[in-house]
Amino acid sequence: MKKFICTTCGVQYTESNHEPDHCHICEEERQYVNPEGQSWKTLDEMVQSGQYKNVITKEEKGLYSIKTTPSFGIGQTAYLIVGEERNILWDCITYLDPYTIEFIG
Ligand SMILES: [Zn+2]
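The rules we used
Residues numbered from 1 in each chain as written. Predicted model: local features only at pLDDT ≥ 70, side-chain atom pairs only at ≥ 80, totals over all residues. Heavy atoms only, no water. Pairing = 2+ DSSP bridges. Helix = DSSP H or I, 4+ residues; strand = E, 2+ residues; numbered from the N terminus. Axes fitted to C-alpha atoms, helices over the stretch in contact; angles between N-to-C directions. Salt bridge = Lys/Arg side-chain N within 4 Å of Asp/Glu carboxyl O. Buried < 20%, exposed > 50% of the residue type's maximum accessible area, 1.4 Å probe, protein only. Donors = N, O, S within 2.8 Å, 3.2 Å for Na, K, Ca; no water. Tetrahedral: all angles 85-135°; square planar, octahedral: opposite > 155°, others 65-115°.

J.: Quick rundown of the sheet that holds strand β2 (residues 12–16)? Include the residues and the values.
T.: The strand order across the open sheet formed by three strands is β2-β1-β3, and the pairing between neighbours is antiparallel. Taken across any chain shown, the strands that pair with only one partner, and hence form the sheet edges, are β2 and β3 (40–42). In this sheet, adjacent strand axes meet at a mean angle of 40 degrees when their direction is disregarded. As paired strands, strand β1 (residues 2–6) and β2 are joined by three bridges and run antiparallel to one another. Directly across from K2, in β2, lies its bridge partner S16.

J.: Tell me what's going on with the pattern of salt bridges, and back it up with residues and numbers.
T.: Scanning the model with the defined rule gives one salt bridge in all. Between E28 and R30 there is a salt bridge; the shortest N-O distance is 2.9 Å. Assessed through its relative accessible area of 30%, E28 is described here as partly exposed. When its relative accessible area of 73% is taken as the criterion, R30 is described as exposed.

J.: So what about the coordination of the zinc ion? Which residues, and what values?
T.: Ideal geometry at a metal gives 109.5 degrees between four tetrahedral donors and either 90 or 180 degrees between six octahedral ones. Listed as protein donors to the zinc ion are C6 (SG), C9 (SG), C23 (SG) and C26 (SG); their distances from the metal cover 2.2 to 2.3 Å. Geometry at the zinc ion is tetrahedral, judged from the four donor atoms that bind it and their angles of 102 to 116 degrees at the metal. Linear spacing of the donor residues for the zinc ion on their chain is C-x2-C-x13-C-x2-C. One end of the pair, C6, is in strand β1; the other, C23, is in the loop between β2 and β3, and 17 residues separate them in sequence. Taking the relative accessible area as the measure of exposure, C6 reaches 0% and is therefore buried.

J.: Mind laying out the pairing of strand β7 (residues 87–90), listing which residues take part and the relevant values?
T.: Two elements, strand β6 (residues 77–82) and β7, share four bridges in a ladder whose sense is antiparallel. Across the sheet, residue L80 finds its bridge partner in β7, namely L89. Counting the residues that bridge the hairpin from β6 to β7 gives four residues.

If you want it as structure tokens, here you go:
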């Protein structure tokens, strides 16, 4: 079973033996379906391709931005706010590699 990711919006779906028929996010009127058709990837495929990496930038003391390059989905940027007792991850990105997971803690 695989967790398929919509390449247009970057949303990951629950485990399935086959690609979803459609993406609920992209079919919503505020989003769009890729004119070349629906396509899917898995996180494992992204990691194994070696094509993607996350750029973690210190924006200011206690605030980091995390962005995937090359851009994936709608080019989301996550922000990590580092607190004294706990951290807050604001928004999320699709591509999570071991380095990013360890950085976020
Ligand atoms: Zn989608």
